[in-house]
Amino acid sequence: MKLRLLLPAVFCLALPVLVFAQSGLETNAFAFKLKEPLVLDGELDDAIWMDPEGWNGNFRQYFPSDTSESRVRTRVKIAFDEQNLYIAAVMENLGPRKYVSTSLRRDFRGEQNDAIVFVLDTFNDKTNAFSFGINPYGVQREGLISNGGSRSEDLSLAWDNKWFSEAKIYENHWQAELVIPLSTIRFSEGAQNWNVNFYRIDSEYGERSTWTPIPRNFSLLTLAYSRKLIFEEPLEKNSANISLIPYAAARTSKNFLEGTEESLTPSFGGDAKIGIGPALNLDLTFNPDFSQVEVDQQVTNLDRFEIFFPERRQFFLENADLFDSFGQTRSRPFFSRRIGVDIDSATGQNVQSKIIYGARLSGKITEDWRVGLMNMQTATDEEAGISGKNFTVMALQKKIFTRSNVGLIFVDRESLAVDEYQQLFDPTAYNRLIGLDYNLNSADGKWTGKVFYHRTFESRETVSPYSFNAYMLYSDIHWSWSVSYQDIGQDFNPVVGFVPRVNFKRLNPDLAYLFYPKSNLINRHGPKVEFEGYWNEDIGQTDRDINLGYLIRFNSFAELEITQKNRYLYLFQDFDPTRTGGVPLPAGTDYYNKTVQLEYKSNPRNPVNLELDAEAGQYYTGNFQRVTGQMGLRMGYLANVSMNFNYARIRLPELQSDADLILVGPRIDLTFTKKLFWTTFIQYNNQIDNININTRFQWRYAPVSDFFLVYTDNYFPGDFAPKQRSLVLKLNYWLNI
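Report follows, based on the coordinates.

### Considering the nonpolar core
Phase 1: Formed by 36 residues in total, the largest nonpolar core has its most connected members in Leu 85, Phe 132 and Trp 194.
Phase 2: Mapped by element, the contributors of at least two residues to this core are strand S1 (29-33), strand S3 (74-80), strand S4 (84-92), strand S5 (115-121), strand S6 (129-134), strand S10 (173-181), strand S11 (193-202) and strand S13 (227-231).
Phase 3: Setting aside chain neighbours within four positions, we find Leu 85 in contact with Ile 78, Ala 79, Phe 80, Leu 120, Leu 178, Val 179, Ile 180, Leu 182, Trp 194 and Phe 231.
Phase 4: The next biggest cluster of nonpolar side chains, apart from the first, holds 23 residues, and it includes Phe 315, Phe 334, Met 374 and Phe 391.

Printed below as a string of structure tokens:
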């Protein structure tokens, strides 16, 4: 009798454990070992895909809500052999429909696209991962996720490699089949499992869903939430990963201002990518050419400091987070655009200067250690009076706790010596930096932060050549707050970094709250208050901003934010508020300004969409109205026509100059097929008195292999007199050995 009563009691106590164990099995994915390679055709009629066992479904909504199952079903299945990883996915619909693809160009991005994306955390560190995606029309994208994926900026789509895929559209679903060579990704030899997640973007229902549930207050890219992919057998790398990417190019140009002309000049060079073991990669480049890279999108500069333009050159982008994650936006110890890029004073455009060679070793050396080593050499230009420079960067990063890390960076720039020194480098022309960073990422993603200390070294005597920063952010479903303290010394001078201003201390706390109403229109809304103050020991307070804002995000992905700004600033040097050559405001004066700012983004799924940033109010001794935005028209996936516009109306009292600053940039992007693209970008900027035309034709004649034809022209706006003109032809080929 006692035994009969005891058994039900034991069963009741064990039931939660059994249920947990069963659900734990259900939450993991399983990768099946294949004996023979699959034929890639997108049909999913192979035996492994026809078997109903082993599919991973039950996707959960991430947007508009995170409390329910996805409206449309999605399922994913994974297999592998000695050479490849195979992924199949089926994306069901509630009925026949159309799909949104912004273009047929590789590396699509945006909430408006239909897509399925696979995130592979191959080292199980929840900090770095590979990302592979495909849309219903078979357009691919691949990228690298860094820093735990806490922000959209942590995804870089600049990483390119060879992999293969097919997609098929049917009446009530679309499906995709992927073949990813194991030689293209890094992982631990003998790995038995990875962290993975899959997410789907659906344009018809405005829904984003994930296989591993992610709270909607976190980034869709976050690596804090993932599940295991368990391999039937440990993974081994049986093939080498060596890629050669030679190029041939020819260039002709004419400078009408200086009366010089360059006849059609050929050039040759190339890159090599060499896998060293399963987790390290050696990148080599000789006589690199980046002439096919699109020109920067210009902005009207009403600030007192230098503007940051992102890196676009392919060689510097793979594993870039190893170097770029040090510091923060106002104090970067290393900025790759300091290498081989100069500014043309006549056109205001960034132009390429010659790099002789470059070498970079980056990746994992153990489960917890990452390393990055880089050396670049630029050429001497005697006509311009520029001596060649050698750049050396070393970055070392160690994982600590669950998702945090500590890193060390060393940057050294040496200048080639002139003959009288009788040695390779000029001993008086070096610049060096050493820095230590700690990056905090909690296991649940709610706490993030950073503390760093950097110091520069030069041959001259310096005062306080350091940069210090401490930052902490907390975020949950409703509350978000952060506080940051920064101290940059008087002579902190990272010439290979980016620091728009020095000799200040900065305090920046902010607080925000979000409401989630039960509404068919509004998804979330809430207020935000922010304080930002600058001061130094010599002057005292130099800047202060107190901003009060309110954010509304709609279920359509549209956004509206209104901010009231209260600003104080002190001029520690003469400054022309219009940057047009007017009488400057004198150093030592200070100003109190109030403005109202409105930012709006329309539903990106619509064929016509708008992004608008408008601000009006006081400006130094006068007032201004500023409108910045972009209007776009999408004609299926074949054409995207957009207009970037920036207008600033500045009215100042006598002695200072009024100004109407206009920057207009129409852009036409045509994608004839998944292999033929043509982009034309025109920019009129009256602040630098220039019209720039950049038109680029690209033919992807083989996987990751291209032919480019690029024409660039610059004119004076008044009479269309030419300034500079160039034509570039470039052919590269990606060869796997």
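From this point, the narrative continues.
### Digging into the pattern of salt bridges
If charged atoms from side chains of opposite charge come close, those side chains can pair.
Phase 1: Under the definition given, this model contains 34 salt bridges.
Phase 2: Arg 208 serves as the salt-bridge partner of Glu 111, at 3.3 Å between the closest nitrogen and oxygen. A residue pair is termed long-range when its members are at least 10 positions apart, and Glu 111 in the loop between S4 and S5 and Arg 208 in strand S12 (residues 207-210) qualify at 97 residues.
Phase 3: Linked through salt bridges whose partners overlap, the residues forming this network are Arg 97, Asp 114, Arg 200 and Asp 202.

### Let's talk about the side chain of Ser 404
Phase 1: Mapped onto the secondary structure, Ser 404 falls in strand S22 (residues 404-415).
Phase 2: Within the structure, the side chain of Ser 404 is placed 3.1 Å from the backbone nitrogen of Asn 441, a separation counted as a polar contact.
Phase 3: Residues in contact with Ser 404, not counting those within four places in the same chain, are Lys 398, Lys 399, Tyr 438, Asn 439, Leu 440 and Asn 441.

### Observations regarding the pairing of S4
Phase 1: The element S4 is extensively covered by neighbouring structure, given that 8 of its 9 residues are classed as buried.
Phase 2: Note that S3 and S4 share 7 bridges and pair antiparallel. Each residue of the ladder has a partner; that of Ile 78, found in S4, is Ile 87.
Phase 3: Hairpin geometry of S3 and S4 is characterised by an intervening segment of 3 residues between the two adjacent antiparallel strands.
Phase 4: The sheet contact formed by S4 and S10 spans 9 bridges and is antiparallel.

Criteria and cut-off values
- Residues numbered from 1 in each chain as written.
- Predicted model: local features only at pLDDT ≥ 70, side-chain atom pairs only at ≥ 80, totals over all residues.
- Heavy atoms only, no water.
- Core = buried A, V, L, I, M, F, W, Y, C linked by side-chain atoms within 4.5 Å.
- Buried < 20%, exposed > 50% of the residue type's maximum accessible area, 1.4 Å probe, protein only.
- Helix = DSSP H or I, 4+ residues; strand = E, 2+ residues; numbered from the N terminus.
- Contact = heavy atoms within 4.5 Å.
- Salt bridge = Lys/Arg side-chain N within 4 Å of Asp/Glu carboxyl O.
- Polar contact = N/O pair within 3.5 Å; in protein donor to acceptor, adjacent residues only side chain to side chain.
- Pairing = 2+ DSSP bridges.

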